[in-house]
Structures are given as structure tokens and as C-alpha cells.
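Residue-level structural notes
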Amino acid sequence: MTRKIVAYKALPSDVEAYLREHAEIVNVDAKDHDAFVAALNDADGAIGASVKITPDMIENATRLKVFSTISVGFDQFDVADLTRRGIVLTHTPDVLTESTADTVFALILASARRVVELAEWVKEGNWKASIGEACFGVDVQGKTLGIVGLGRIGGAVARRAALGFRMNVLYTNRNANEQAERDFGARRVELDELLERSDFVCLQVPLTPETRGMIGANELKKMKRSAILINASRGPTVDEAALIDALQNDTIRAAGLDVFEHEPLAADSPLLKLKNVVALPHIGSATHETRHAMARNAAENLIAALDGTLTNNIVNREVLAR
Ligand code: NAP
């Protein structure tokens, strides 16, 4: 029987051609929920991203063996449920690390030097004399960067910070990251100390029950009034209402955000009215090169998992042990 794969995100043509060498491909628009679920019901594998996959959607997908997400984060899935059903979940770590770290640094620099706000100010025709203090920002070099979740992406941010900008790096993880300590002088501290001492607090944890809402009103109050919060992890790691309050009341200086509690961010969000917010439309890994590499990687993960030869990029390895 020909294997059937459901693609619920548009794929680059060469990646789709690669998949067609190995299986029949059914393209679905995930917004058409019923058609998506119907396609999953007789599929062997599925590839896509940015869509919540709930247990009821795969209740009758008895042939399904592999879900391949074109992302490193897998918070859209109920992993325990997939594991119970014997479905392998694969993801795309590493290929997006550097591009995402670039986005984090773009947010750090843009927030500190008010790049977006001042570029808009120039376009609005306000630049009529040489600028004064009202347009000054704050330095990035030499400051203290606190990374909450120093893993692959956090490590690439720490490298830029320590080697490029001579910053001091603090971090919180459940386990020590000895490589980052050795190579970038990163120091592991408790979250409270990180919040109290950092000039930039940068979130790079996965979204899990433990990290959901981990930065709320209390944590924001512990930050320096001069500090800047950067979030390129997942929106719900931060209590957005508390953040808006902190930004409106100068509890912290500014925020650089690539992710939000609800995406796309509503056009009437109070965040968009604040000059001290840089808001991006979840572009962490969004370069032509990296998005292509992610799609290719996810397609290869999917075929190898169906063939039973995949050894890495597996989220729920315990399925294979059965
Ligand atoms: P990773 O290598 O697994 O790093 C995650 C880090 O978070 C690890 O160092 C982990 O260390 C730490 N961590 C996990 N749970 C924690 C907790 N409860 N408290 C404190 N630290 C915790 O993952 P990555 O490849 O760097 O990706 C990180 C996340 O970035 C992804 O899950 C995704 O949500 C997000 N992301 C966003 C974009 C974007 O477009 N904005 C792009 C790519 C990724 P311990 O296990 O030792 O705690």
C-alpha cells in the first residue's frame, strides 16, 4: 500500500518533490478543520507547523505513525497522548538556532537603541535638527544579559553577547550548561538573582506547564527599572497583562517581543500603543535559508521515522523502545 502523508503547511517545491519520491502527498489547509481531520484518518504521517493538534483530531487516525513538526518547539502537541498512541513526534532543532539568535539580538539592539521608534520618527518627518537626549538609547556592550533557558538558542545568544558585545552572561536552567560556562563565562544563578541583576532579561525556554506565566507581575517588579525584557520563546511564558502594566508604569524600561499570548497579535493590543515596545510577527527563524532548511529537515525526519531509521530529532523517544 502506498504511504500517505498529509502536508498541512506549504512546503518548498524541492522538499515536496523529495516527499513524493517516498509517499503520496495530500496537501490540506489546516484552517479547514474537518478536511484536515479527514485527511489524517487514513494517513501514515503528517508534516506542518503552527497548528494546535488535539487528541480528538487523531482519534480515528489509526494508521498514523509520525507527526513531523517544522519547528523546534512542540508545545502545539499533547506529547503524552501521541506517545500513548504510538505516534512518533519529530522536530527541527539546530537548523534554526543561529537565525533565531539573530532575531533575539535584533530585538536587544532595537529595544536598547530605540531603532524602530526613531526610524518611524524620521519617516514621519520629525528630524529637523541634530538630535538631543530625547532620542538617546542605552548601551548594550558591557551590560549584563540574563538568559532564562540557556540551551541551543540561548547558547547562540550567549556567544553573540559574550564574544561580540563583551557582556556578562547570567542564566537559569534546571541543569548547568557547562559549555556556556566555559566558553562564554556564563554564570548559573537563581531566577530572582537573574532578574535583579540583568540589564536585559531574555527568555528562551520551551513552553511547558512549568514555564507558562513564569514572568508575571512579581518577576517584573524584581527587574531593574532600567531593564529590558526580550521574549522570543513563546508568548504564554510571560503574563502579557502584567507586562503591559509594567511597561505603562515604567516598572521596566522596554520590551522586545517576537511572540505573544495570542498570535497574530490583535491590532488593538495596548502593546502596539507603547513606544517602548518592539513587536515582531514571530519571525525568530524566518529567513529564506533557515525556513528551507527546516522544511527539508522535517521532511527527512518524517521519511526516516516512517522507515524506522531515524536516530535523532525525536521528541518522544520512548515510542521507539516499544
Ligand atoms: P533547548 O535547547 O531545549 O533549550 C531550552 C532551555 O530551556 C534548556 O537549556 C533548558 O535547560 C531550559 N529549560 C527548560 N525548562 C526549563 C524550566 N522549567 N526552567 C528553566 N529552564 C528551563 O531549546 P532551543 O532549541 O534553544 O529552543 C528553545 C525554545 O525557543 C523552543 O522551545 C521554542 O519555543 C522557542 N523558539 C522560538 C522561535 C521563534 O520563532 N521565536 C524559534 C525557535 C525556537 P534545562 O533542561 O536544564 O532546564
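Given the structure is predicted, the values throughout are model-derived calculations rather than measurements. (Residues numbered from 1 in each chain as written. Predicted model: local features only at pLDDT ≥ 70, side-chain atom pairs only at ≥ 80, totals over all residues. Heavy atoms only, no water.)

**Quick notes on the site of the ligand**
Contacts to the ligand come from 24 residues, most closely from Arg152, Ile153, Arg174, Asn175 and Asp258. In the environment of the ligand, an oxygen atom lies 3.1 Å from a nitrogen or oxygen atom belonging to the backbone of Leu150. With respect to the ligand, the backbone of Arg152 contributes an N or O atom lying 2.8 Å from an oxygen atom. Within the shell around the ligand, the residues separate by chemical class into seven nonpolar, 12 polar and five charged. (Near = heavy atom within 4 Å. Polar contact = N/O pair within 3.5 Å; in protein donor to acceptor, adjacent residues only side chain to side chain. Nonpolar A, V, L, I, M, F, W, Y, C, P; charged D, E, K, R; others polar.)

**What about the pairing of strand S2 (residues 24–27)?**
Where strand S1 (residues 4–7) meets S2, four bridges bridge the pair, whose relative direction is parallel. From the neighbouring strand, Val6 faces S2, where its bridge partner is Val26. Taken together, S1, helix H1 (residues 13–20) and S2 constitute a β-α-β crossover, and its handedness is right-handed. (Pairing = 2+ DSSP bridges. Helix = DSSP H or I, 4+ residues; strand = E, 2+ residues; numbered from the N terminus. Right-handed = clockwise from strand over helix to strand, strands pointing away.)

**Regarding the nonpolar core**
Ranked by internal contacts, the top residues of the largest apolar core, which has 58 residues, are Ile5, Leu19, Ile47, Leu145 and Val157. The next biggest cluster of nonpolar side chains, apart from the first, holds 28 residues, and it includes Val201, Leu203, Met223 and Ile244. (Core = buried A, V, L, I, M, F, W, Y, C linked by side-chain atoms within 4.5 Å. Buried < 20%, exposed > 50% of the residue type's maximum accessible area, 1.4 Å probe, protein only.)

**What to know about the domain arrangement of the protein**
Structurally, the protein comprises domain 1 (4–95 + 288–321) and domain 2 (97–279). With centres defined by C-alpha atoms, the gap from domain 1 to domain 2 works out at 32 Å. Of the residues lining the interface, eight residues belong to domain 1; the matching set on domain 2 comes to five residues. Note on domain 1 versus domain 2: buried area summed over both sides is about 550 Å², and carbon and sulfur give 42% of it. Per-residue buried area on domain 1 facing domain 2 is highest for Asp75, Asp94 and Thr290; these three make up 64% of the total on that side. Where domain 1 packs against domain 2, one counts one salt bridge. For Arg234, the salt bridge is made with Asp75, and the minimal N-O distance between the two is 2.9 Å. Between the two partners, domain 1 and domain 2, sit three residue pairs in polar contact (both at pLDDT 80 or more). For the side of domain 1 that touches domain 2, the residue count by class is three nonpolar, three polar and two charged. (Domains from an automatic or database assignment. Contact = heavy atoms within 4.5 Å. Buried area = accessible area lost by both parts, 1.4 Å probe. Salt bridge = Lys/Arg side-chain N within 4 Å of Asp/Glu carboxyl O.)

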